[in-house]
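Summary of structural features
Spelled out from the first residue to the last, the chains are:
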Amino acid sequence: MVVDCQCYGTMPDVSPGPLSDWPGWARTSVYVALVVVLALVATLAAGVVVARRPLPQVDGTLRLDGLSAKVEVLRDAKGIPQVYADTPSDLFRAQGFVQAQDRFFEMDFRRHVTAGRISELLGESTVETDMYIRTMGWRRVATREYDLLAPDTKAYLEAYSDGVNAYLNGKSATHLSLEYTALALTGLNYQPEKWTPVDSLAWLKAMAWDLRGNMTDEIARTRLSVNRTPEQVDELYPRYPYDQHAPIVTTSAGDGPGASPRPAPGPAALSALDAVQRGVEAIPDLMGQGGGIGSNSWVVSGEHTVSGKPLLANDPHLSTSIPGIWYQMGLHCRTVDKACPFDVSGFTFAGMPGVVVGHNRDIAWGMTNLDPDVTDLYLEKVTGKTYLYDGRQVPLAERDEVIRIAGQSSRLITVRSTRHGPLLSDVSAELSSVGANAEVGAGAPKRDNGYAVALCWTALAPRPTADAIFMLDAASNWTEFRAAASKFAVPSQNLVYADTAGNIGYQAPGAIPIRKGNRSGDYPAEGWLSKNDWSGRYVPFDQLPNVLNPPAGFIVTANQAVTGPGYRYHLSDSPDHGYRSQRIRTVLESRFKDGSRVDVEDMTRLQLDSRSPMGPVLVPYLMRQLLTSSYYSDGQRLLLDWDFTQSADSAAAAYFNVVWSNVLRLTFHDQLPQSLWPDGDDRWMAVVSNLLRQPNSQWWDDASTEGVVEDRDMILSQAMIDARDDLTRTVALSPERWQWGRLHRLELENQSLGKSGIGIVEAIFNRGPFEVGGGSAAVDATNWDATQGYAVTSAPSMRMVVDLDDLDRSRWINLTGASGHAASGHYRDQTPLWVKGDTLPWTFGRDAVRKAGEDRLVLEP
């Protein structure tokens, strides 16, 4: 049937007609709307132009003064640069230029931090941080270190600085990075200074500070000792479980030192220590602090690998930020010889020449924190401009520092020091008089106005650590590797090694002090007694733990104890408790036991192992609890067949971790000051594991309830009930919809402006959230702090696996991306891959690099 459309008539003309025919009010409204739209479009377009203005040229040709010949910079699809040059001078000059292209604001912000000059950029809010860093004198030490360096190292640092400054030349701050534009809107009139070698060296102080060891534990132990018995304090600081978790090496060289007793400090000393702790917490986490900061690294010999050559894996667990801590880069001499010995690729820091972790054409190396005891706090009896030492009044050393503050007048501070180090307690105004009622050991000086606190720290003595970086980059065998390690003074790191000849090894480097009287550094010392001083000697390098080609055919370092208890020197009383290291060992040993061999994919898979170390310990106790209703037992049923893995989509992991957080809260919050509440890291896992075997321990009792003495099972039941309610309120009523990743999220914050409190600024520079798996003390160490929630506080900052049979089969991934520019496509383009557990091909050979290249920049003299 054909329908004649005409029978429906014609459509009426509903067009509005010419604008001139509209009523006046309507025309005005349209004009206003058009103006607003055009203004918004213009603003957005201008914003895009401003945001993209700092993006660097990455292909074509640019002039770089000071070069002796052309330098080629090849970048892959992720913007990762590989630099090719004829001389070391050209190579490091180009490295400085390229890093400044990608990350100059990050470099500039870091040098302001390490110099105690953040307030020049951010104003009054960071003055206390500047005061602490000036008091310690990081940059002053770095300046002295420069004079100790080898001539070649100085030349490399100078060339690098020249390259940075060549990029800065002629550019205003707002053409260098968008952060400068944001700061300019606050009224800041700023132009970056030239880069210097000391700017690079000072970054080593930031590394050392964040990886410094047990200083925070010294304060915590002291506070606990006031109203707790030594046995109760020891319950919260359990010894390393050698019978369960193997150390890195099993060297035995005589009896280890025993800890000397400490007299209980009084209120004055505690006030001083509390103020020091608050100041310490104010310093930015450039690398990371607190529970969960650590790393995994292991190496497997060819007898256990598919290729017959070693495999080396490394993933440092550090604070999360954007841009990320690491910068991926390759540095290649076109002809590798004595005159130009570098053919190296890996991870470095923006602002630092060379490669810090990675491989060259002969060897590979990884790092984890040794966590040595290299800091001591000293209580000092200060009177006027003197302090007491062995019965004599000794003059304090003094110097003045001027802190400039954006938008305000400068501030003058006087830094005072004793023979032990700077008085950190001077920084706090409230400590000008800390009280007159200090209680210390017999024979202590008169109390008067209390005590000051000095910091003794190996990083405050100049050392040529920077030499080690370039020596590592050029090393070709175990002997040269150890020679480089001998220069790696601060921070002390566990170094794992592999080479193309088939060798694997481990070396502990660093300046680790020998204390008088076999004492440990677990508590602040009485500074007026010379018997408490360091001896002035350090553990000799040839007696530091090391091993080459161990019989087991593999080495695991994950911040666990380095040696057995018989090692003659005191290295640390606060290593990681070994959950990660033992899990890695267990997985590898299970593979090797039946003759299986591993490849690169197996190593990357092991880096993603999310098994909870607390799950197998706590779950059997949770399953014994009789809950009051099926509603509350819903979560308990999830644990029946849980395999203890913590994937982002796991309902059981979500429930378990909320229960774990509640157990910590219910057990300890009533008996500990808030600043000492448990974060749930490996130490607290060891604490609770021990307490679970003591159902009537006083720690289970809730001190806030009268007439009731809680025991273990009462606390566990309440933790499960609270967890059910928490998840119902925050996630979903149905346990089927619970997912660990909905609680456990990664937020990447810009270190300088990411917490500005200005929504649009934070939206521009921050990224996330990302839902992730893993957890504290797992191999996939996406750590969280039970006092703050479930958000990720530190994580694998990068992952790498090196194949010594074919370096082009190696894999790597960064947490964020190569670029520090928020408008760049490489600002966070590796993050989605990182979240999924993927890695990138790590090309090294010239042909492979050229094939993977997306951009080619030629730098000409």
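You'll find the structure just up there.
Residues numbered from 1 in each chain as written. Predicted model: local features only at pLDDT ≥ 70, side-chain atom pairs only at ≥ 80, totals over all residues. Heavy atoms only, no water.

Some remarks on the overall build of the chain
When its secondary structure is counted, the chain shows 24 helices and 32 strands. In the chain, once contacts between residues fewer than 6 apart in sequence are set aside, the share between residues at least 24 apart is 74%. Here the chain has roughly 34000 Å² of accessible surface; of this, 51% comes from carbon and sulfur atoms. (Helix = DSSP H or I, 4+ residues; strand = E, 2+ residues; numbered from the N terminus. Contact = heavy atoms within 4.5 Å. Areas by Shrake-Rupley, 256 points an atom, 1.4 Å probe, with all protein chains shown as cover.)

Some thoughts on empty space enclosed by the protein
Over the atoms a probe the size of a water molecule is rolled, and this reveals where empty space is left. For the structure shown, the criterion picks out six cavities of 30 Å³ or more. Its boundaries defined by the atoms lining it, the largest cavity holds a volume of some 180 Å³. Around the largest cavity sit 22 residues that line it, and Phe-105, Glu-106, Ile-322, Pro-323 and Gln-751 are the ones nearest its centre. Tallying contributions element by element places helix H2 (residues 88–114) first for the lining of the largest cavity, with seven residues. Classifying every residue of the lining of the largest cavity gives nine nonpolar, eight polar and five charged. (1 Å grid on protein atoms, 1.4 Å probe; cavity = no way out; pocket = protein on both sides within 12 Å on 5 of 7 lines; lining within 4 Å. Points joined across faces, edges and corners; volume = space filled by probe spheres on them. Nonpolar A, V, L, I, M, F, W, Y, C, P; charged D, E, K, R; others polar.)

Digging into the pairing of strand E6 (residues 327–333)
With respect to burial, E6 is a largely interior element, seven of its seven residues being buried. Side chains Tyr-327, Met-329, Leu-331 and Cys-333 project from E6 onto one buried face, and the interleaved Gln-328, Gly-330 and His-332 project onto a second face that is buried too. Bridge analysis of strand E3 (residues 81–85) against E6 gives four bridges, and the strand direction is parallel. Note that in E6 the partner of Ala-85 across the bridge is Cys-333. (Buried < 20%, exposed > 50% of the residue type's maximum accessible area, 1.4 Å probe, protein only. Pairing = 2+ DSSP bridges.)

Considering the pattern of salt bridges
Note on pairing: side chains with opposite charge can pair once their charged atoms come close. Applying the stated rule across the entire model yields 41 salt bridges. Salt-bridge contacts for Glu-124 lead to Arg-411; the nearest nitrogen and oxygen are separated by 3.3 Å. Residue Glu-124 is found in the loop between helix H3 (119–122) and helix H4 (127–136), and its partner Arg-411 is found in strand E15 (residues 411–418); the two are separated by 287 residues along the sequence. For Arg-411, a relative accessible area of 33% puts it in the partly exposed group. Of the charged contacts, one joins Glu-601 and Arg-605 as a salt bridge, the two residues approaching to 3.2 Å between their closest N and O atoms. Taken as a pair, Glu-601 and Arg-605 lie in helix H15 (residues 600–607) at a separation of four residues, close to a single helical turn. With relative accessibility at 44%, the residue Arg-605 sits in the partly exposed group. A cluster of three or more residues bridged by salt bridges with shared partners is formed by Glu-72, Arg-846, Arg-850 and Arg-856. (Salt bridge = Lys/Arg side-chain N within 4 Å of Asp/Glu carboxyl O.)

A closer look at the environment of Phe-844
Along the chain, Phe-844 falls in the loop between strand E31 (840–841) and helix H24 (846–852). Judged by its relative accessible area of 7%, Phe-844 falls in the buried class. C-alpha of Phe-844 to C-alpha of His-359: the two residues are 485 residues apart in sequence and 9.4 Å apart in space. If we skip the residues at most four places from it in the chain, Phe-844 touches Tyr-84, His-332, Asp-343, Val-344, Ser-345, His-359, Asn-360, Arg-361, Leu-807, Asp-808 and Val-849.

With respect to unusual backbone geometry
For the bond from Ile-322 to Pro-323, the omega torsion is 0 degrees, close enough to zero to count as cis. By secondary structure assignment, the location of Pro-323 is in the loop between strand E5 (311–319) and E6. For Asn-559, which is not a glycine, the phi torsion comes out positive at approximately 70 degrees. One can find Asn-559 in the loop between strand E24 (554–557) and helix H14 (579–593). For Asn-559, a relative accessible area of 4% translates into the label buried.

Topic: the pairing of E15
Pairing analysis gives seven bridges linking strand E14 (residues 397–403) to E15, with the strands arranged antiparallel. Note that in E15 the partner of Asp-400 across the bridge is Thr-414. The sheet contact formed by E15 and strand E16 (residues 421–422) spans two bridges and is antiparallel. Bridge assignment links Ser-417 to a residue of E16, and that residue is Pro-422. Two successive antiparallel strands, E15 and E16, enclose a turn made up of two residues.

A short note on the packing of helix H16 (residues 615–623) against helix H20 (residues 712–730)
Their axes nearest at 10 Å, the elements H16 and H20 cross at an angle of 95 degrees. If you check the angle between H16 and H20, you find them roughly perpendicular. Judged by residue contacts, Leu-618, Tyr-621 and Leu-622 of H16 engage Arg-712, Leu-716 and Met-720 from H20. Considered class by class, the residues forming the contact of H16 with H20 number five nonpolar, no polar and one charged. (Axes fitted to C-alpha atoms, helices over the stretch in contact; angles between N-to-C directions. Parallel < 35°, antiparallel > 145°, perpendicular 65-115°, else oblique.)

Quick look at the environment of Ser-675
The topology assignment puts Ser-675 in the loop between helix H18 (651–668) and helix H19 (682–691). Residue Ser-675 is classed as partly exposed on the basis of its relative accessible area, which comes to 48%. Along the sequence, Ser-675 and Ala-220 sit 455 residues apart, while their C-alpha atoms lie 8.9 Å from each other. Only 2.5 Å separates the side chain of Ser-675 from the side chain of Arg-223, close enough to count as a polar contact. (Polar contact = N/O pair within 3.5 Å; in protein donor to acceptor, adjacent residues only side chain to side chain.)

Topic: helix H17 (residues 630–638)
Residues of H17 that are buried: Tyr-632, Ser-633, Gly-635 and Gln-636. For H17, the buried positions fall inside an angular range of 145 degrees around the axis, keeping them on one side. The inward-facing, buried residues of H17 abut H16, H18 and H20. (Arc of directions from axis to C-beta.)

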